Amino acid sequence: MNVRQFAAVSLSAAILFGGSFTSASAKGGADEKGYKETYGTSQITRQDMKDMINQHGDDKFTVPSFDASTIKNVESATKTDENGNKIKMDVWDTWPLQNADGTVADYKGYQIVFGLAGDPKNPNDTFIYMFYKKAGDDSIDAWKNAGRVFDDEDKNKANDKYLKGQVEEWSGSALFTDDGEIRLFYTNRGDFDESKELFGRQTLTTAQVNVSEKGDKDLQVDGIEDHKSIFNGGDGKTYENVEKAFEDRNFNNNHTFRDPHYIEDKGRKYLVFEANTGTEYGYSGEDNLYNRAYYGKSMKFFRDELKNVQNSPKKETAELANGAMGIIEINDDYTFKKEKKPLLVSNTVTDEIERPNIFKKDGKFYLFTSTRGSKMTIDGIDDEDIYMLGYVSNSLDGPFKPMNKTGIVLHQDLDPNDITWTYAHYVIPQEESDKFVVTSYMTNRGYFADHKSTFAPSFLLDIKNKKSSVVKDGTLEQGQITYDGQ
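As a convention, each chain's residues are numbered from 1 in the sequence order in which they are written. Owing to the predicted nature of the model, reporting of local features is limited to residues with pLDDT of at least 70; listing and counting of side-chain atom pairs is limited to 80 or more, with chain, interface and lining totals taken over all residues. To obtain the side-chain values, all non-hydrogen atoms of the structure were used and water was disregarded.

K.L.:
Give me the lowdown on the sheet that holds strand E4 (residues 90-98), citing residues and values where you can.
P.N.:
The rule for pairing is simple: two strands pair if DSSP sees at least two bridges between them. Secondary structure elements are taken from DSSP: a helix is a run of H or I of four residues or more, a strand is a run of E of two residues or more, and numbering for both begins at the N terminus. Read across the sheet, eight strands follow the order E7-E6-E5-E4-E8-E9-E12-E13 without closing on themselves; strand pairing throughout is mixed. Strand pairing shows two members of the sheet lacking a second neighbour, strand E7 (144-148) and strand E13 (218-231), which therefore form its edges. Between one strand axis and the next, the sheet turns by 30° as a mean value, whatever way the strands run. Looking at chain direction, E4 and strand E5 (residues 110-118) are connected through five bridges and run antiparallel. The partner of proline 96 across the bridge, within E5, is valine 113. Here an axis means a line fitted to C-alpha atoms, over the contact stretch when the element is a helix, while the angle between two N-to-C directions is reported on a 0 to 180 degree scale.

Below is the structure:
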């Protein structure tokens with residue numbers, strides 16, 4: 001928290017409590033009232049997460065169990081290395097080509113998904129591939145691989161200083177535009193080399209992907225154009241930029257700026273993305289622990305929980321935790337237009353609320369995010385807890401209210417060495433059904449010789465306003481992205 005920001009907080013707290021205000025951390029006591037400042041954002045509170053523990057095991061929120069003996073690799077996910085050897089790749093985060101309303105696009109009778117894939121033995125081999133199949137064939141074996149979207153030299157052709165430093169391609173989204181083009185949004189991850197003051201800069205990036213039909217059964221990538229950076233944090237006031245994140249070389253700070261998800265509203269274009277709060281929106285630091293807005297409504301809970309955090313081995317992690325669902329407006333040519341305040345923050349809870357997925361349905365905006373218990377600071381949530389959280393609003397600007405009272409939509413508690421372990425859940429609205437299809441990937445990367453990270457079996461989700469539930473017996477095929485109600 002910078003001096004100007006803290007002075008403003010102190011003043012607001014003095015007004016709130018009817019007297020002078022001294023930093024609670026300076027006094028060092030959990031008996032202080034702290035301060036309450038939302039910065040106009042919605043919060044994932046510690047109270048929500050504590051209450052969520054009581055919802056573990058509820059069938060409405062539990063990721064279905066899957067039969068490990070039936071799980072297949074994505075057989076088309078192969079590549080040839082520099083020595084001509086065939087490599088079976090892991091495939092993890094994927095996202096479909098979608099219409100502006102979030103439904104799956106029909107591209108000349110094909111369905112397309114983009115996904116991260118790479119050599120299981122090389123954790124730095126992380127690039128975007130295009131997979132496709134004929135619409136109507138939902139078998140995992142129907143998915144074909146068109147190969148990498150970008151050539152190695154594409155990053156240098158754009159004359160873009162951030163693209164020139166790209167070493168990996170991370171998650172995003174894909175839009176089928178009104179004029180029939182494929183517009184990809186993704187994360188450019190830069191190099192990490194402390195000696196050169198490079199700290200893995202993450203930049204929201206876009207390109208038009210040119211695709212054509214080869215014969216009557218195959219698609220091919222014909223290259224890309226309009227490849228350019230969009231945004232990576234600006235001056236750091238609204239969203240933490242990489243310079244601020246590592247100014248003191250504290251590499252325990254889990255900096256995030258990635259996973260752009262496209263959405264339109266009232267004729268305007270936006271990207272929602274994973275980030276961390278900036279210096280004017282509740283930045284990380286010890287004073288974060290004394291902001292009651294991050295705890296919940298009860299003063300007693302605040303005081304008790306603050307004592308717990310102060311005596312917890314996760315105290316430093318809680319101080320640093322300032323996850324955010326960010327949003328920017330972009331121009332019609334997909335360039336940056338302006339920042340907007342975060343839609344949702346997770347200060348003191350976690351630094352990492354990933355893969356934002358947002359769409360409008362029946363007049364309401366639904367916002368989902370994947371997150372891991374291993375990155376959280378809440379007693380009772382452990383390394384095996386995996387979540388997809390959900391929030392709903394009548395406006396794109398919020399406020400966003402938690403679904404199912406706490407925000408829980410999906411929960412899984414499995415040993416990561418179980419091949420049916422899943423992550424990166426993604427909700428897809430349907431054109432022909434009121435049900436929603438949830439996709440994810442299955443099996444941790446590089447854990448097994450024979451089992452690769454693969455498309456998990458999809459399953460159905462019911463959503464009605466602030467309530468959701470996993471549909472009983474609603475398991476679909478591995479990688480299925482549409483459902484016709486049958």
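K.L.:
Give me the lowdown on the packing of helix H3 (residues 46-53) against helix H7 (residues 299-310), citing residues and values where you can.
P.N.:
Orientation of H3 relative to H7, taken along the N-to-C sense of each, is 85°, at an axis distance of 11 Å. Judged by the inter-axis angle, H3 sits roughly perpendicular to H7. Residues Arg46, Gln47 and Lys50 of H3 lie in contact with H7, whose contacting residues are Phe301, Glu305 and Val309. Lys, Arg, Asp and Glu make up the charged group, whereas Ala, Val, Leu, Ile, Met, Phe, Trp, Tyr, Cys and Pro make up the nonpolar group; the residues left over, Gly among them, are polar. Counted by class, the contact of H3 with H7 contains two nonpolar, one polar and three charged residues. An angle below 35 degrees is treated as roughly parallel, one above 145 as roughly antiparallel, one from 65 to 115 as roughly perpendicular, and anything else as oblique. Any pair of residues with heavy atoms lying within 4.5 Å of one another is described as a contacting pair.

K.L.:
Kindly report on the pattern of salt bridges, identifying the contributing residues and their values.
P.N.:
A carboxyl oxygen of Asp or Glu within 4 Å of a side-chain nitrogen of Lys or Arg is what we treat as a salt bridge. Tallied over the entire structure, the rule returns 33 salt bridges. We note a salt bridge from glutamate 305 to lysine 50, for which the minimum N-O separation is 3.8 Å. Of this pair, glutamate 305 sits in helix H7 while lysine 50 sits in helix H3; the two residues are 255 residues apart in sequence, bridging distant segments of the chain. A salt bridge links arginine 445 to aspartate 90, with the shortest nitrogen-to-oxygen separation between them at 3.9 Å. Of this pair, arginine 445 sits in the loop between strand E24 (436-442) and strand E25 (454-455) while aspartate 90 sits in strand E4, and the two are 355 residues apart along the sequence. Here's how the labels work: a residue is buried when its accessible area is under 20% of the maximum for its type, exposed when over 50%, partly exposed in between, all with a 1.4 Å probe on protein chains only. Given the relative accessible area of 22%, arginine 445 is considered partly exposed. On the accessibility criterion, aspartate 90 (0% relative accessible area) is buried. Beyond isolated ion pairs, a larger network of salt bridges with shared partners links Arg258, Glu274, Glu352, Glu354, Arg372 and Lys375.

K.L.:
Could you give an account of H7, naming the residues involved and the relevant values?
P.N.:
Side chains of residues three or four places apart in an α-helix project in the same direction, reflecting 3.6 residues per turn. One less than the residue count of a helix, multiplied by 1.5 Å, gives the span that helix is expected to have. Taking 1.5 Å of rise per residue, twelve residues should cover 16 Å, and H7 covers 16 Å from first to last C-alpha, within 8% of that figure. For H7, the complete set of buried residues consists of Phe301, Phe302, Glu305, Leu306 and Val309. When H7 is viewed along its axis, its buried side chains cluster within an angular range of 125° and face the same direction. Elements that come into contact with the buried residues of H7 comprise H3 and helix H8 (315-320). Pairs of N or O atoms are called polar contacts if they sit within 3.5 Å, as long as, within protein, a hydrogen donor faces a hydrogen acceptor (for residues adjacent in sequence, only side-chain-to-side-chain pairs). With a side-chain oxygen positioned 3.2 Å from the backbone nitrogen of lysine 300, the residue opening H7 is serine 298. To obtain the arc, one takes the directions from the helix axis to the C-beta atoms.

K.L.:
Could you give an account of the side chain of serine 468, with specific residues and numbers?
P.N.:
Along the chain, serine 468 falls in strand E27 (residues 467-478). Among the polar contacts made by the side chain of serine 468, one reaches the side chain of asparagine 404 at a distance of 2.9 Å. Once residues within four sequence positions are removed from consideration, serine 468 is found in contact with Lys60, Phe61, Met403, Asn404, Val409, Leu461, Asp462 and Ile463.

K.L.:
Tell me about the sheet that holds strand E1 (residues 42-43), and name the residues and values.
P.N.:
The five strands lie next to each other as E1-E17-E16-E15-E14, forming an open sheet whose pairing is mixed. Looking at which strands have only one partner, the edges of the open sheet turn out to be E1 and strand E14 (258-265). As judged from the eight bridges shared by strand E15 (residues 268-276) and strand E16 (residues 323-330), these two strands associate in the antiparallel manner. By the bridge assignment for E16, leucine 271 is matched with isoleucine 328.

K.L.:
Can you break down the environment of glutamine 478 residue by residue, with the values?
P.N.:
Tracing the backbone through its elements, the reader meets glutamine 478 in strand E27. Taking the relative accessible area as the measure of exposure, glutamine 478 reaches 7% and is therefore buried. In contact with glutamine 478, not counting residues within four places along its chain, are Thr70, Ile71, Lys72, Asp138, Ile140, Trp143, Thr454, Phe455, Ala456, Pro457 and Ser458.

K.L.:
I'd love a proper account of the confidence of the model for the protein chain, names of residues and values included.
P.N.:
The predictor rates its confidence in each residue with pLDDT, a number between 0 and 100. Of all residues in the protein chain, 93% attain a pLDDT of 70 or more, and the chain-wide mean is 93. Scored below 50 in pLDDT, residues 1-31 makes 54 contacts in the model with residues more than four places away or belonging to other chains.

K.L.:
Could you give an account of the layout of surface pockets, naming the residues involved and the relevant values?
P.N.:
The calculated volume of the largest pocket comes to roughly 660 Å³. Those elements that provide at least two residues to the lining of the largest pocket are E4, strand E8 (166-176), E14, strand E18 (354-361) and strand E23 (422-429). Ranked by residue count, the leading element in the lining of the largest pocket is E8, at three residues. Considered class by class, the residues forming the lining of the largest pocket number nine nonpolar, five polar and eleven charged. Looking at the second largest pocket, its volume works out to about 470 Å³. Whether a set of points on the 1 Å grid over the protein atoms alone is a cavity depends on a 1.4 Å probe fitting there but being unable to get out, while an open set qualifies as a pocket with protein on both sides within 12 Å along at least five of seven lines; lining residues are those with an atom within 4 Å of a point. Grid points are joined across faces, edges and corners, and a volume is the space filled by probe spheres set on the points.

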